[in-house]
Amino acid sequence: MPRKYKRKTQRASWSEETLKAALLEIDNGSPLRAVSRRFGIPRSTLQDRCRTKNTGQATLGRNPVFSKAEEKELVEHIIQLSKMFYGITPFEIKQCAFKYAIRNNVNNPFLNEAAGRAWLEGFLKRNPQISLRRPEGTSLNRIKAFNRDEVSIFFKNLNNVMDKYHFSAAQIFNADETGITTVQRPSKIYAQKGQKRVGYATSGEKGKTTTVMCSFSAAGMYVPPMFIFARKRMSPQLKKNGPPEAMYCCSDNGWINETLFLDWLNHFKTSVKVSKEDPVLLILDNHVSHSTLGAYNYCKENGIVLLTIPPHTSHRIQPLDVSFYGPLKTAYHNECDKYLKNHPGEKITPNEVAEIFNKAFARVATLEKAQKGFQTTGIFPVNADVFTDDDFLAAENIKVSIDTIGPHQNREDLHRGLIDPIQPSSSLQTELLEEENTPETSLSEKVSFSEIAPIPSTSSSSSAAKRGTGKKQHSEIVTLTPMKDVLEEKEARKARKAERKAQKTVKRKVLCDDNLTKSVKDSKKGNIVKQREKSSRRKKSVQYYAEDEEMEEEHFSDNDINYDICIICGEFGKNGEIWLRCVSCGEWAHKACSGNDNNAFICDFCH
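Numbering of residues begins from 1 in every chain and follows the order in which that chain's sequence is written. Note on the predicted model: pLDDT of at least 70 is required for a residue's local features to be given, and 80 or more for side-chain atom pairs to be given and counted; whole-chain, interface and lining totals, by contrast, use all residues. Note that the side-chain values use all heavy atoms of the structure and ignore hydrogens as well as water.

Draft legend 1. Local environment of the overall build of the protein chain. What the protein chain contains, in helices and strands, is 21 helices and 10 strands. When burial is assessed residue by residue, the protein chain has 38% of its 607 residues classed as buried. Residues are treated as being in contact if the distance between any of their heavy atoms lies within 4.5 Å. When contacts within the protein chain are restricted to residue pairs at least 6 apart in sequence, those whose partners lie at least 24 apart make up 70%. Accessible surface, the protein chain: about 37,000 Å² in total, of which carbon and sulfur atoms supply 49%. Secondary structure is summarised from DSSP: a helix means a run of H or I of at least four residues, a strand means a run of E of at least two, and numbering begins at the N terminus for each. Buried, partly exposed and exposed residues are distinguished by accessible area as a fraction of the type maximum, computed with a 1.4 Å probe on protein chains only: under 20%, between the cut-offs, and over 50%, respectively. Note that accessible areas follow from Shrake-Rupley with a 1.4 Å probe, and for residues the cover is restricted to the protein chains shown.

Right under this line is the structure:
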């Protein structure tokens, strides 16, 4: 049968509503032939439907492979897998249908150990509640972190501050950082059909990322954004045509830090006009720069109540992530496309970022998006029941992290566990048919789709679950008085760690090849015995730190040095390599390069 079959007759062209109306006329005493002519339904069809009381739509052609109940079971299982973040692909569905038919002795026309394309298209047409979707990658940390306990703690803290301060919509703000780059994501374009490669101009292979910190209120007020550029000094060109009243600053890596967050809090206070008499609630993530003693003191002095969301839950609880940043980045990429078209041959540099961002921000920063973000996350109006049991289903199922996968096991195996991959083999069908004759696969014990395509699940008693993962963070009201002691202890630990690092700094001289010099000393007498030409190497001070703050000073030795330069091969070393030091000139060489097996090593230059 062709893929797109065109009907040649008008058989069974009536609808369910027409059939129900015709049966009602017959029940009221109308003649069968008259009703048949009036509604255009064959008399024999009306007779059968009156006898069977079936009011469903007529089906033409051969019957489907599976019954309605079996297809309903498959549909429910597909939806369940997608909610667990382990949805299955079209080919896996066809594999699953083939295995189900073989194990349950269902007559089928399947070939090549999988259902065909025609079956899949008919299955989707009969079950329009499922469709092919492109999923968004979600990390296991996010899946596990968004659980009922963490969300309950957040809403408990939110209710506490709402009961104490009675914040209105205009007093509730959300703030978060996002990254924008100078290389845009091209939109879909029209091109020649069948063309193998379709390109689009961008500013480079990899762009420079600039951090932008935005904030809005539940009433729809937007705070002017803050730009953080990855550079040492500011330039007036970076502010060209940027958003009005925006803030511009720099950091070494382009990320926010404790100092910049304090600067932004001052910017936030000026924009919102906050005071102790008119406090506001500021909801943000628990980044290390947000929970500091300096931020605590500033917020307490200026009437800002800080509430953090649980870690790895910003995709569901952060209003900016839910309703604003997605459309903003789409609009930003579109503006980058326009800029490149209007300025052919020119690249987008950090000097143009503020101007392009301003156009996208002005178009997307609407009242509806701000209000919808707070409403969808249940923050305002406060609705702790905004998330259903289906939202927490995946977190309850996934008990351990991705570290459970062994070092020699392919990480794709976790996903492949949904469906046993069917390797093309002519003996597979024979093996499955043999299994049907065993007591385990008899017709009285029907195999379900959930057994063929099981939901991935890991035991909470596994080694990865028992392994310590450090102190777990939760949602917190940062500006509560008890938090001051915690933050002071945190600052004290940082100071102690910095002091230990300063004490354990090891300075070694790494010699780099440069110009030739002449200097050699006798290893025993200390006199110059001969002249030799050797590479003069520029002295470079390299610092090595003990990363573990629990490491004691006596455990830090020369064996902890990670690399140096060999005077023979001129290469850097690797961890675990054995080095020898010349007793004459004091320079270092790999033992493998030196060929020396004696305790006293003298390099070739000193011989």
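Draft legend 2. Region of the structure containing the sheet that holds strand 6 (residues 304-308). Whether two strands pair comes down to DSSP finding at least two bridges between them. Taken together, the six strands give an open sheet; going across it, the order is 4-3-2-1-5-6, and neighbouring strands pair in mixed fashion. The outermost strands of the open sheet, each flanked by one partner alone, are strand 4 (247-251) and strand 6. For this sheet the average axis-to-axis angle between neighbouring strands, irrespective of direction, equals 25°. Of the pairings in the sheet, the one linking strand 5 (residues 280-284) to strand 6 comprises five bridges and is parallel in character. When the bridges of strand 6 are listed, Ile283 appears paired with Leu307. Taken strand by strand, helix 8 (residues 148-165) contacts strand 1 (172-181), strand 5 and strand 6, and its axis lies near 165° from that of strand 6. To obtain an axis, a line is fitted to C-alpha atoms, over the contacting stretch when the element is a helix, and the angle between two such axes runs from 0 to 180 degrees between their N-to-C directions.

Draft legend 3. Structural view of the packing of aromatic side chains. Here a pair means two rings of Phe, Tyr or Trp (six-membered ring of Trp) with centres within 6.5 Å. Their orientation is stacked below 30 degrees between planes, edge-to-face above 60, and tilted elsewhere. Scanning all chains against the criterion turns up 26 aromatic pairs. Taking the centre distance of 5.2 Å and the plane angle of 90° together, the rings of Phe173 and Phe268 count as edge-to-face. Of this pair, Phe173 sits in strand 1 while Phe268 sits in helix 9 (residues 258-272), and the two are 95 residues apart along the sequence. The two residues Phe173 and Phe268 agree in class, both being buried.

Draft legend 4. Summary view of the side chain of Glu70. Within the element layout of this structure, Glu70 appears in helix 4 (residues 68-83). N or O atoms closer than or at 3.5 Å make up a polar contact, with two conditions inside protein: a donor-capable atom paired with an acceptor-capable one, and, for residues adjacent in sequence, both atoms drawn from side chains. Reaching out from Glu70, the side chain makes a polar contact with the side chain of Lys446 at a distance of 2.8 Å. Beyond its immediate sequence surroundings of up to four residues, Glu70 is in contact with Tyr100, Val106, Lys446 and Phe449.

Draft legend 5. Summary view of the UniProt feature "DNA-binding region" (unreviewed entry) in the protein chain. What UniProt calls "DNA-binding region" (unreviewed entry) maps, in this numbering, to residues 32-52. Helix and strand shares over residues 32-52 are 86% and 0% respectively, and the end C-alpha atoms of the span are 16 Å apart. UniProt positions are given in the numbering used here, feature names are shortened, and annotations may be inferred rather than shown by experiment.

Draft legend 6. Structural detail: the environment of Gly116. Tracing the backbone shows Gly116 in the loop between helix 5 (90-103) and helix 6 (117-126). Residues Gly116 and Phe91 lie 25 residues apart in sequence; the distance between their C-alpha atoms is 9.3 Å. Aside from chain neighbours lying at most four places away, what touches Gly116 is Lys94 and Phe110.

Draft legend 7. Highlighting the pairing of strand 4. Counting buried residues in strand 4 gives five out of five residues, a clear majority hidden from the surface. Every second residue of strand 4 is oriented toward a common face, with Met247, Cys249 and Ser251 on one face and Tyr248 and Cys250 on the other, all of them buried.

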